[in-house]
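Residue strings, one per chain:
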Amino acid sequence: MTLDKAPHNTNSQNPFLSLNYEPALESLGDDYYDEVAAAEFPQHILRWRNDALLPKLGLNPQAVTDEDFIIAFGKFAGRKPLLALRYHGYQFGEYNPQLGDGRGFLYGQVRGIDGELYDFGTKGSGRTPYSRGGDGMLTLKGGVREVLAGEMLHRMGVRTSRCLSMIETGLSLWRGDEPSPTRSSVMVRMSKSHIRFGTFERLHYLRRPDLSKKLLDHVIKEYYQHLDEKQDKYALFYTELVQRTAELVAQWMAVGFCHAVLNTDNMSITGESFDYGPYAFIPNYDPFFTAAYFDYYKRYCYINQPEICKWNLEALQEALKAVIPQTDMEAGLAQFDDYYLAEYRCFMLKKLGFEKLSEPEAEEILKATIEFLKHYPVSYHHFFADMTSCFSSKWRDDASVILSNSEIGQSLGRSELFLNWSGIYHRILTNLTPDEIEKVSQTLVSYNPQVVILRPVIESIWEPITQADNWQPFYELLNQIQSQT
């Protein structure tokens, strides 16, 4: 893969430095952030540029050079102020007031061509007042993993931040949880907002309801614009945040994603998925799969994610009660389960190829699917990938041919649970027209990528990087993810 797209531009022509940055958060004042300086790095090698995001900014990828990325997002030239955001958070259930952007900052905010405000936020860009003794850096593997997470979740239909760039910086880092020394990187994340649940929790801790209201007005104006003129906009905001968060975690559950560190400082006020650390996609349907080795009590295991997100929303009520009546927030949170179940059902049905089914059919096929996946050693993702690649209109005529040409069908085709599942699936198909059968095939393709970044897949592209500085498997994997349609 050749990254460079165009002849070298001078600094004054750098498209990123020519964007119309808006001081949306900056204009609120320095109660919410500290101005910081970026680290200086001995080396700058652009390892990833997300050309798919550039048109959202009104930029032509062919007119943006690798050097443009390096100057803007590696050397951080020509852009001020850089803002380390202040926040607190509940970490593994315990309140921690010693948080904040410890290895990143808000680089800038830009209005996309869709009219939405987007943040550029760094990770691995050096020490800040909140580094707490850390070096403020990001390992190269950490950068690789975050790039992959954003692209994979985006392909799967999950609301997620994505990496705009990743640059190797030439530093050697020492980490206790991986072989050291290890290589370093700095990345830039593009997301809707870096305002977190913990941003409000800090203001409550400081007993500054005035600052909470000021920030909440900003959040509603920028990210919940349709509520801004409503008389009860604060209560409506909280209820919609409940809905967005419930839908997000339902999407994670449907695609088999385990975030691993669902502390309140990792929860976005816009209901968008971001900040990927020790995440993992479940290899099979194991409710108690835990992605973080340090999650000894499985607080953030796969099956706990909906309840944890609900708990985080409940904890946020304490920080918002000076602005929003408690009874209104309780009424909003009471709808979490309904929002979650509706989105989970909708998403899972699409993974099975159905845009819509009657409620009895939906309940029956989803129950049978989960029961089968739970009780047999079947790869969660390979099951849906095989459904997609093997689907045939013949499945409508004969239940015995469902997945008969796949490894799953051949190994488990005689099991009682599989026969029960395939029988229900066949019965649903018999009620569909030929055109609707074709729509099933298209929906399967849209919601079930053939490639999913399970841990062995990530290790398989990381090994050539460490052994021979061979990035081709990384680029090929990303191309597969982005081109899966």
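Model, not experiment: these values are computed from the prediction.

**Notes on the packing of helix α9 (residues 359–375) against helix α10 (residues 380–390)**
Here is step 1: In the contact formed by α9 and α10, the axes pass within 10 Å of each other and the chain directions differ by 130°. As summarised for this structure, α9 and α10 are arranged oblique, according to the angle between their axes. In terms of crossing hand, the pair formed by α9 and α10 is right-handed. Contacts between α9 and α10 pair T369, F372 and L373 from the former with Y380, F383 and F384 from the latter.
Here is step 2: Partitioned by chemical class, the residues of the contact of α9 with α10 number five nonpolar, one polar and no charged.

**Description of helix α1 (residues 66–73)**
Here is step 1: Of all the eight residues making up α1, seven are buried; the element is thus mostly covered by neighbouring parts of the structure.
Here is step 2: Those residues of α1 that sit buried are D66, D68, F69, I70, I71, A72 and F73.
Here is step 3: Tucked into the core, α1 has its buried residues touching β2 (45–49), β6 (106–111), β7 (117–123), β9 (162–173) and β10 (182–191).
Here is step 4: Here α1 starts with a cap whose side-chain oxygen sits 3.3 Å from the backbone nitrogen of E67, and that cap is T65.

**Brief notes about the pattern of salt bridges**
Here is step 1: The tally for this structure, following the rule as stated, stands at 29 salt bridges.
Here is step 2: Here R111 and E22 are joined by a salt bridge, their closest N and O atoms 2.7 Å apart. Linking R111 in strand β6 with E22 in the segment before β1 (33–36), this pair joins segments that are 89 residues apart in sequence.
Here is step 3: Since its relative accessible area comes to 28%, R111 is described here as partly exposed.
Here is step 4: Residue E22 is classed as partly exposed on the basis of its relative accessible area of 23%.
Here is step 5: Between D469 and R47 there is a salt bridge whose closest N-O contact spans 3.4 Å. Taken together, the residues span a long stretch of sequence, with D469 in the loop between α14 (455–468) and α15 (472–483) and R47 in strand β2 at a distance of 422 residues.
Here is step 6: Classification of D469 by relative accessible area gives partly exposed; the value is 38%.
Here is step 7: By relative accessible area, R47 is classed as buried at 10%.

**Things to note about the state of the cysteines**
Here is step 1: Here the structure, examined in full by the defined rule, presents zero disulfides.
Here is step 2: The closest cysteine sulfur to the non-disulfide-bonded C309 is located on C258, 11 Å from its own sulfur.
Here is step 3: The exposure class of C309 is buried, given its relative accessible area of 1%.
Here is step 4: With no disulfide partner, C346 has as its closest neighbouring cysteine sulfur the one in C309, 19 Å distant.

**Description of the packing of helix α2 (residues 140–155) against α14**
Here is step 1: It is the contact of α2 with α14, at a shortest axis distance of 11 Å, that shows an interaxial angle of 140°. In terms of axis orientation, α2 runs oblique to α14. Considering only the axes of α2 and α14, their crossing is right-handed. On α14, the residues that touch L140, K141, V144, R145 and L148 of α2 are I458, E459, I461, W462 and I465.
Here is step 2: Of the residues contributing to the contact of α2 with α14, the split by class is seven nonpolar, no polar and three charged.

**Re the UniProt feature "binding site: ATP" (unreviewed entry) in the protein**
Here is step 1: As recorded in UniProt, the sites labelled "binding site: ATP" (unreviewed entry) are G100, G102, R103, K123, D135, G136, R189, R196 and D275. Taken along the chain, the residues just named run across 176 residues; in space they spread out, the farthest C-alpha pair reaching 22.7 Å.
Here is step 2: Tracing the backbone through its elements, the reader meets G100 in the loop between β5 (94–96) and β6.
Here is step 3: The buried category is assigned to G100, whose relative accessible area is 9%.
Here is step 4: If we ignore the near neighbours within four places in the chain, the residues touching G100 are L85, R86, Y87 and Y130.
Here is step 5: Summarising the element assignment, R189 is placed in strand β10.
Here is step 6: With residues up to four places along the chain from it excluded, the contact list for R189 reads D119, F120, G121, K123, E146, S161, R162, C163, H194, F274 and D275.

**Quick word on the nonpolar core**
Here is step 1: Core analysis: the biggest nonpolar cluster contains 131 residues, and L148, F237, F281, W421, Y425 and F474 have the highest contact counts within it.
Here is step 2: The leading source of residues in this core is helix α5 (residues 233–255), at 14 residues.
Here is step 3: When residues no more than four places from it in sequence are discounted, the contact partners of L148 are Y279, I453, I458, I461, F474, L477, L478 and I481.
Here is step 4: With 32 residues, the next largest nonpolar core counts A39, A72, L82 and A84 among its residues.

**Some remarks on the environment of L106**
Here is step 1: One can find L106 in strand β6.
Here is step 2: Taking C-alpha positions, L106 is 23 Å from R208, a pair spaced 102 residues apart along the chain.
Here is step 3: Apart from the residues lying within four places of it in its own chain, the contact partners of L106 are L25, P81, L82, L83, L85, D119 and F120.

Conventions adopted
- Residues numbered from 1 in each chain as written.
- Predicted model: local features only at pLDDT ≥ 70, side-chain atom pairs only at ≥ 80, totals over all residues.
- Heavy atoms only, no water.
- Axes fitted to C-alpha atoms, helices over the stretch in contact; angles between N-to-C directions.
- Helix = DSSP H or I, 4+ residues; strand = E, 2+ residues; numbered from the N terminus.
- Parallel < 35°, antiparallel > 145°, perpendicular 65-115°, else oblique.
- Left-handed = near helix turned anticlockwise from the far one by under 90°.
- Contact = heavy atoms within 4.5 Å.
- Nonpolar A, V, L, I, M, F, W, Y, C, P; charged D, E, K, R; others polar.
- Buried < 20%, exposed > 50% of the residue type's maximum accessible area, 1.4 Å probe, protein only.
- Polar contact = N/O pair within 3.5 Å; in protein donor to acceptor, adjacent residues only side chain to side chain.
- Salt bridge = Lys/Arg side-chain N within 4 Å of Asp/Glu carboxyl O.
- Disulfide = S-S within 2.5 Å.
- UniProt positions renumbered as here; feature names shortened; annotations may be inferred.
- Core = buried A, V, L, I, M, F, W, Y, C linked by side-chain atoms within 4.5 Å.

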